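Analysis of the macromolecular model
What follows is each chain in one-letter form.
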Amino acid sequence: MKTVILGVSGGIAAYKSLELVSRLRKGGYDVRVIMTRNATEFVTPLSFETMSNNRVVVETFDPKREFEVEHVSYAKLSACFVVAPATANVIAKIAEGLADDMLTTTILATTAPKVICPAMNTNMYDNPAVQRNLQILRERGYHIVDAVSGMLACGDTGKGKMAEPKDIFDYIDNLLTPAGDYRGKHVLVTAGATREPIDGVRFISNRSSGKMGFAIARKAMERGARVTIVKAFTTATPPEGARIVPVETTAEMYDAVLREMEDADVIVKAAAPADYRVKNYSAQKIKADRLTLELEKNPDIAAAVGLRKGERKLVVFAAETNDLLANAAHKLRAKNADLMVANDVTQAGAGFDVDTNIATLIDASGAMTALEMMTKEELADAILSAVAAL
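Residues numbered from 1 in each chain as written. Predicted model: local features only at pLDDT ≥ 70, side-chain atom pairs only at ≥ 80, totals over all residues. Heavy atoms only, no water.

Focus: the overall build of the chain
A tally of regular secondary structure across the chain gives 13 helices and 21 strands. Its C-alpha atoms give the chain principal-axis dimensions of about 85 × 50 × 35 Å. In the chain, once contacts between residues fewer than 6 apart in sequence are set aside, the share between residues at least 24 apart is 65%. For the chain, the accessible area works out to roughly 18,500 Å², and carbon and sulfur atoms hold 50% of it. Distance between charge centroids for the chain: 2 Å, based on 47 positive and 49 negative side chains. (Helix = DSSP H or I, 4+ residues; strand = E, 2+ residues; numbered from the N terminus. Contact = heavy atoms within 4.5 Å. Areas by Shrake-Rupley, 256 points an atom, 1.4 Å probe, with all protein chains shown as cover. Lys, Arg positive; Asp, Glu negative; His and termini not counted. Charge placed at Lys NZ, Arg CZ, Asp CG, Glu CD.)

Topic: the pattern of salt bridges
Pairing is possible between side chains that carry opposite charge, provided their charged atoms lie close to one another. The tally for this structure, following the rule as stated, stands at 24 salt bridges. Between E96 and R132 there is a salt bridge, with the nearest N and O atoms lying 3.9 Å from each other. With E96 in helix α4 (residues 88–96) and R132 in helix α7 (residues 128–139), the pair connects residues that are 36 residues apart, well separated along the chain. Across the pair R138 and D146 runs a salt bridge, and its minimum N-O distance is 3.8 Å. Where salt bridges share partners, they join D181, K219, E222, R223 and D381 into one cluster. (Salt bridge = Lys/Arg side-chain N within 4 Å of Asp/Glu carboxyl O.)

Comments concerning the environment of N174
With respect to the helices, strands and loops of the structure, N174 is situated in helix α8 (residues 165–176). A sequence separation of 50 residues divides N174 from G224, and the C-alpha atoms of the two residues are 9.8 Å apart.

So, the nonpolar core
Formed by 32 residues in total, the largest nonpolar core has its most connected members in V187, I216, V227, V268, F317 and I383. Within the residue set of this core, elements represented by two or more residues are β8 (186–191), α9 (211–222), β11 (226–231), β13 (266–269), β16 (313–320), β17 (339–344) and α13 (376–389). Examining the composition of this core, we find that seven residues originate from one element, α9, more than from any other. The residues touching I216, leaving out its near neighbours within four places in the chain, are V189, V268, A270, F317, A380, I383 and L384. Among the nonpolar cores identified, the runner-up in size contains 31 residues, and L6, A14, V21 and V145 belong to it. (Core = buried A, V, L, I, M, F, W, Y, C linked by side-chain atoms within 4.5 Å. Buried < 20%, exposed > 50% of the residue type's maximum accessible area, 1.4 Å probe, protein only.)

Focus: the UniProt feature "binding site: CTP" (unreviewed entry) in the chain
The UniProt record marks D275, K285, F317, K331 and K335 with the feature "binding site: CTP" (unreviewed entry), using the residue numbering of this structure. The named residues occupy 61 residues along the chain; their greatest pairwise C-alpha distance, 37.0 Å, places them well apart from one another. Tracing the chain through its elements places F317 in strand β16. Looking at F317, the relative accessible area reads 13%, which means it is buried. (UniProt positions renumbered as here; feature names shortened; annotations may be inferred.)

Overview of the sheet that holds strand β2 (residues 30–35)
Judged by pairing direction, the sheet is parallel, and its five strands sit side by side in the order β2-β1-β3-β4-β5 without closing on themselves. Looking at strand neighbours, the two that pair on one side only are β2 and β5 (143–144), the edges of this open sheet. The pairing of strand β3 (residues 80–86) with strand β4 (residues 114–118) spans four bridges and is parallel. Bridged to V83 within β4 is I116. Across the face of the sheet, α4 comes into contact with β3 and β4 while running at roughly 140° to β3. Sheet strands in contact with α8 are β1 (3–8), β3, β4 and β5, and its direction is about 165° off that of β3. (Pairing = 2+ DSSP bridges. Axes fitted to C-alpha atoms, helices over the stretch in contact; angles between N-to-C directions.)

Here you go:
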């Protein structure tokens, strides 16, 4: 989940920023609000805390702040810093590099994209000094969502009204999610290796790291999706912003996937669930010179999803060591999947616990697209584009 820092300065349009917070939250963004002291004269911090579900920062030297220097931590956290409304005063301070409160201190410390939404009396807006400051900010790479014309709070009519929250949201959303083809979609991804216990200390598993599943989750979020990850054991780090459902065994993953797929639009089975579980499991550590294990078949998660998917799109993987395309095409049909990602794990640069992969995409019509070696992040984008095109 990307974080938008919203700076609210002291103008009557501050009340409109409550709607902007609501739209950002509904769009899947985490919102942190910084208010100037003057802004609190128009709208209470409690109102923004209620809308954002995060504490509002006002004072630079807040005794209740977290131990980390807050303007630095917010600057690092920010995917985008928005000032709405931006008064003539705060625009001037930012243009001159003044940092005398939490808002101006933080915006000077961040390297994230910065969006300024002016709001003021029309004569102030037209003042050459204000226009010069806005031009300075444009030249420095700031994004300006310009004021619009209309009836102002003071009774004058002219340019100076803050842009509507919907238009500001659309600008931010397009800035942070330029592709946006998964906006409003829920993508369910499985990742990692399940573990099937032998006894109290041993288990059967495989070499899956979770890197491919996490890459798909990360790219889906970048393209606007809400993402849930059913996560078995992984050595990779899951992306921030995804909802994580932890599981251990294949049976647990089966139950979790069938439950979570109910409101999913796309299900990507990137995990490596164990095909078999130990039938003669022992809760105690087995101590024997020789050990014979009796295995029984685990439930087939992909096939179960394929039977229930309806209009949902199902993506499955085939990690093969021989007869790649024949085995993958058979698996695609057997699982009733919409897209198969087939890779030969014996090839250098493909397979488990590496940052690259070599894959062939096969859709339900039988069309095949052979891809060169690429990073798993690049392959994730290719898979998502293929699903979007179905």
